[in-house]
Structure formats: C-alpha cells, structure tokens
Amino acid sequence: MKILVVTEQRQGKWNHASFETLVAAQQIAGAASGTIGAVVIGKGVAALAEEVASKNVAEVLLVEHELLENYTPDGYCVALKQVVEQAKPELVLFPHT
C-alpha cells in the first residue's frame, strides 16, 4: 500500500499535526506492509522537506512555487491534485487542523 502524507506548514514553521499524521501513516504502513511518501507545499520550504525526509519515509515530494507562499484553498488544491495524480497513492492522509 502506498500512503501519501500531506504535511502542513505556515511561514516555514511546522504545524505539529503533520507529525501526528506521519506517525499514523507509519502505523498503517507497518500493518499493511506499505510505503510512505510525504508532500511539502509552499515557497522556500526545501529545508522542511529535508527535515521530513529524516522521518522514516520512502520519498518526499516538494512542491514549491511563489503562488504557494501563503495558503489558499484553491492554490493548494490545484497543487495537491497534480501530486496525487502523479504519485497515485492508495491512501492520502491530511493533518486535522
């Protein structure tokens, strides 16, 4: 099973629910012999992507664009739609905030 965790950050700082979601994904992956990918969206968030890469994930997808600097539902939905279509995960997990 391929699991994709959508992480959440604001102005370069993590929302801690992202790590709770990652732990949930790790538990599911362990039970289902799955793999975990994480997506980091924003502008100037490469350091955050590197941090998430150290958290026992198979891959980190980095989506950077200046229009994603500030969260907007429309912008993030467009970006996430493209990521999900390309990555083809069987399960997508979002932090609940």
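A.B. asks: Before we move on, could you go through the layout of surface pockets and cite the residues and values that matter?
C.D. replies: The calculated volume of the largest pocket comes to roughly 220 Å³. Together, 14 residues line the largest pocket, and Val 6, Thr 7, Glu 8, Tyr 71 and Tyr 76 are the ones closest to its centre. When contributions to the lining of the largest pocket are tallied by element, the ones reaching two or more residues are strand 2 (9-10) and helix 3 (73-87). In terms of residue count, the dominant contributor to the lining of the largest pocket is helix 3 (four residues). Within the lining of the largest pocket, the residues separate by chemical class into nine nonpolar, three polar and two charged.

A.B. asks: How would you summarise helix 1 (residues 17-32) if you had to cite specific residues and measurements?
C.D. replies: Taking 1.5 Å per residue as the helical rise, helix 1 with its 16 residues ought to reach 22 Å, and the 22 Å between its terminal C-alpha atoms agrees with that figure. By the burial criterion, the buried members of helix 1 are Ala 17, Ser 18, Thr 21, Leu 22, Ala 25 and Ala 29. Buried positions in helix 1, seen along its axis, are confined to an arc of 140° and lie on one side of it. Turned more than 90 degrees away from the buried face of helix 1 sit Glu 20, Gln 27, Gly 30 and Ala 31, all of them exposed. Those residues of helix 1 hidden inside the fold are in contact with strand 1 (2-6), strand 3 (13-14), strand 4 (35-42) and strand 6 (91-93).

A.B. asks: Would you mind going over empty space enclosed by the protein in detail, with residue names and values included?
C.D. replies: This structure, assessed with the given rule, holds one cavity of 30 Å³ or more. Counted as a void, the largest cavity has a volume near 40 Å³. Those elements that place two or more of their residues in the lining of the largest cavity are strand 1 and strand 5 (59-64). At three residues, strand 1 tops the list of elements feeding residues into the lining of the largest cavity.

A.B. asks: Go over the pattern of salt bridges with me, naming the residues and quoting the values.
C.D. replies: Enumeration according to the criterion identifies four salt bridges in this entry. Here Glu 8 makes a salt bridge to Arg 10, at a shortest N to O gap of 3.9 Å. Here Glu 69 ties to Lys 43 by a salt bridge, and the two come within 3.8 Å at their closest N and O atoms. Residue Glu 69 is found in the loop between strand 5 and helix 3, and its partner Lys 43 is found in the loop between strand 4 and helix 2 (46-53); the two are separated by 26 residues along the sequence.

What counts and how
Residues numbered from 1 in each chain as written. Predicted model: local features only at pLDDT ≥ 70, side-chain atom pairs only at ≥ 80, totals over all residues. Heavy atoms only, no water. 1 Å grid on protein atoms, 1.4 Å probe; cavity = no way out; pocket = protein on both sides within 12 Å on 5 of 7 lines; lining within 4 Å. Points joined across faces, edges and corners; volume = space filled by probe spheres on them. Helix = DSSP H or I, 4+ residues; strand = E, 2+ residues; numbered from the N terminus. Nonpolar A, V, L, I, M, F, W, Y, C, P; charged D, E, K, R; others polar. Expected span 1.5 Å × (residues − 1). Buried < 20%, exposed > 50% of the residue type's maximum accessible area, 1.4 Å probe, protein only. Arc of directions from axis to C-beta. Contact = heavy atoms within 4.5 Å. Salt bridge = Lys/Arg side-chain N within 4 Å of Asp/Glu carboxyl O.

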